[in-house]
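If you want the building blocks of each chain, they are given just below.
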Amino acid sequence: MSVLVGGGTGFIGKRLVTLLRSSGYDVTVVSRMPGLNRITWHDLEAQGLPRGTTAVVNLVGQNVLDPTRRWTPGFKQNVWNSRVNSTASMAKAIAKGSDAPGVFVNISGVSLYPPAGPDSREIFDESSPGVEYDFMSRLCIAWEAAAALPPSSDWRGIRLRTGVVLGRQGGMIGNIFLPFYLGLGGPVASGLQPLPWIHIDDLCAIILLCLTRNDITGHINAVAPHIVSNADFSRAFAKALRRPAVFKVPELILNILFARERAVLLTAGARVASKRLPELGYKFQYPQIEDACMQLAERKR
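All of the points below concern the structure found in this document. (Residues numbered from 1 in each chain as written. Predicted model: local features only at pLDDT ≥ 70, side-chain atom pairs only at ≥ 80, totals over all residues. Heavy atoms only, no water.)

### A look at helix H6 (residues 200-212)
Spelled out, the test is: Under the DSSP-based scheme used, a helix requires at least four consecutive residues in state H or I and a strand at least two consecutive residues in state E, with every element numbered from the N terminus. Expected span, for any helix, means 1.5 Å times one less than how many residues it has. Using a 1.4 Å probe on the protein chains alone, a residue whose accessible area is under 20% of its type maximum counts as buried, one over 50% counts as exposed, and one in between counts as partly exposed.
Helix length check: H6 (13 residues) gives 19 Å between terminal C-alpha atoms against 18 Å at 1.5 Å per residue, within 8%. Burial analysis of H6 places twelve of its 13 residues in the buried class, the great majority of the element. For H6, the full list of buried residues reads Ile200, Asp201, Asp202, Leu203, Cys204, Ala205, Ile206, Ile207, Leu208, Leu209, Cys210 and Leu211.

Structure representation (structure tokens):
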């Protein structure tokens, strides 16, 4: 199988490309810069899929929580374009035609599920409808809509909705590792908000499963089975590092630093589960937050 990966040079993409190549796949990365085993976005739009491509994985997306970028209308548009427009470009390239039937795996988020209230115990799975209630939810819904393939297409379409992806080389852990290692970490806001999560190795393994199983289509919540709060995660991560977790980050500070519209990614969350992954027989490498944090801290239990 020849796989085209959008975002293959990013945090998740690098790990996925390594897994795919070690599993015997030919991988081409869509990049802003040309190079060996790469094509540019202009090439994709002008020429379509590289010859022989039988799978496309889209991981493209501007880092929403980049603290160096102010939440301006221009940056919001960049966030939108990097997800919606790039996804639409890939879907159009697939629709133009390919040499053989294939599979299109698009990675989005779980922000389309409404956040849990103080007394809510509702759990959302793949049968739960998405709801437009803020910028992030509208983004997720438009993102998935952009990945839709025409009914005449002979490609399978899969939309993975991920929780926070945990890995040492980037993402949330890359931002918080040093404060926690120094003993300055702790819960965000109240700490009671749910934190849907998945270890990067599990996410990459699930993507590989989607490529190999011809019976998989539609939406899948790519989240670990252990539903935790932000405080639960903070305690587990601090314990794995043998550090305290007593320094709370006030919601007001996050609203000032990131602007409320994107700070909600940290201060609010939904309880999200996956019915489909157990039905497909997937066994998580890191099903519990304690197991994941031990690996992130590079210690064995």
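Next comes the rest of the write-up.
### Looking at the side chain of Arg271
Put simply, the test is: A positive count includes Lys and Arg, and a negative count includes Asp and Glu. His and the chain ends are not counted in either. By definition here, a salt bridge exists when the distance from a side-chain nitrogen of Lys or Arg to a carboxyl oxygen of Asp or Glu is within 4 Å. Under the rule applied, a polar contact is a pair of N or O atoms within 3.5 Å (in protein, one hydrogen donor and one hydrogen acceptor; residues adjacent in sequence only if both atoms are side-chain atoms). Whether two residues touch is decided by their heavy atoms; if any such pair falls within 4.5 Å, the residues are in contact.
By secondary structure assignment, the location of Arg271 is in strand S11 (residues 271-272). One buried charged residue, Arg271, remains without a salt bridge, the closest side chain of opposite sign being Asp232 at 8.4 Å. Of note is the side chain of Arg271, whose polar atom sits 2.5 Å from the backbone oxygen of Ser120. Dropping the residues within four chain positions of it, Arg271 is found in contact with Ala116, Ser120, Arg121, Glu122, Ile123, Phe124, Pro194 and Ile227.

### Digging into unusual backbone geometry
In this model, Asn37 sits at a positive phi of 60 degrees, which is unusual for a non-glycine residue. With relative accessibility at 41%, the residue Asn37 sits in the partly exposed group. For Arg242, which is not glycine, the phi torsion reads 60 degrees and is therefore positive. Position of Arg242 among the secondary structure elements: in the loop between helix H7 (230-240) and helix H8 (251-258).

### Quick notes on the pairing of strand S8 (residues 164-167)
Filter applied, for reference: Strand pairing requires that DSSP identify at least two bridges connecting the strands. A clockwise path from the first strand over the helix to the second, with the strands pointing away from the viewer, defines a right-handed crossover.
Pairing between S8 and strand S9 (residues 197-199): three bridges, direction parallel. Paired with Leu166 across the bridge in S9 is His199. With respect to chirality, the unit in which S8 leads through helix H5 (residues 171-181) into the neighbouring parallel S9 is right-handed.

### Overview of the nonpolar core
Just so we agree on the cut-off: What is meant by a nonpolar core is a set of buried Ala, Val, Leu, Ile, Met, Phe, Trp, Tyr and Cys residues, joined one to another through side-chain atoms within 4.5 Å.
Membership of the largest hydrophobic core comes to 59 residues, with the highest contact counts inside it found for Leu160, Phe233 and Phe237. In terms of residues, this core owes the most to one element, H6, which gives ten residues. Once residues within four sequence positions are removed from consideration, Leu160 is found in contact with Val105, Asn106, Ile107, Ser108, Leu203, Ile206, Ile207, Cys210 and Ile220. Counting residues in hydrophobic clusters, the runner-up holds 16 residues, among them Leu49, Ala91, Ala93 and Ile94.

### Structural notes on H5
For clarity, the cut-off: This arc describes the spread of directions from the helix axis toward the C-beta atoms.
For H5, the complete set of buried residues consists of Met172, Ile173, Ile176, Phe177 and Phe180. Projected down its long axis, H5 shows its buried positions confined to an angular sector of 140 degrees, all on one face. Every exposed residue of H5 that faces more than 90 degrees away from the buried side is listed here: Asn175 and Leu178. On its buried face, H5 sits against S8, H7 and helix H11 (289-296).

### As for the pattern of salt bridges
Scanning the model with the defined rule gives seven salt bridges in all. A salt bridge links Glu298 to Arg168; the shortest N-O distance between them is 3.7 Å. Here Glu298, found in the segment after H11, pairs with Arg168, found in the loop between S8 and H5; they are 130 residues apart in sequence, far enough to count as distant. For Arg168, a relative accessible area of 28% puts it in the partly exposed group.

### Thoughts on the sheet that holds strand S5 (residues 103-109)
Note the cut-off: To get an axis, a line is fitted to the C-alpha atoms, and for a helix only the part in contact is used. The angle between two axes follows their N-to-C directions and goes from 0 to 180 degrees.
Here we have seven strands laid out as an open sheet, ordered S3-S2-S1-S4-S5-S7-S10, and parallel in their pairing. At either margin of the open sheet sits one strand with a lone partner, and together these are strand S3 (38-40) and strand S10 (218-222). Neighbour to neighbour, the strand axes of the sheet diverge by 20 degrees on average, direction disregarded. Pairing analysis gives four bridges linking strand S4 (residues 53-58) to S5, with the strands arranged parallel. Note that in S5 the partner of Ala55 across the bridge is Val103. The sheet contacts of helix H4 (residues 135-146) involve S4, S5, strand S7 (156-162) and S10, and relative to S5 the element is tilted by about 175 degrees.

### What about the packing of H5 against H7?
How we decide: Small angles under 35 degrees read as roughly parallel and large ones over 145 as roughly antiparallel, with 65 to 115 read as roughly perpendicular and the rest as oblique. Each helix crossing is assigned a hand: it is left-handed if the near helix lies turned anticlockwise from the far helix by less than a right angle, otherwise right-handed if that turn is clockwise. Polarity classes work like this: nonpolar for Ala, Val, Leu, Ile, Met, Phe, Trp, Tyr, Cys and Pro, charged for Asp, Glu, Lys and Arg, and polar for all others, with Gly in that last group.
Where H5 meets H7, the closest approach of the two axes is 11 Å, and the angle between their N-to-C directions is 60 degrees. Relative to H7, the element H5 is oriented oblique. Here H5 runs over H7; the crossing is right-handed. Contact with H5, carried on its side by Met172, Ile173, Ile176, Phe177 and Phe180, involves Phe233, Ser234, Phe237 and Ala238 of H7 and no other residues of that element. Residues belonging to the contact of H5 with H7 are distributed by class as follows: eight nonpolar, one polar and no charged.

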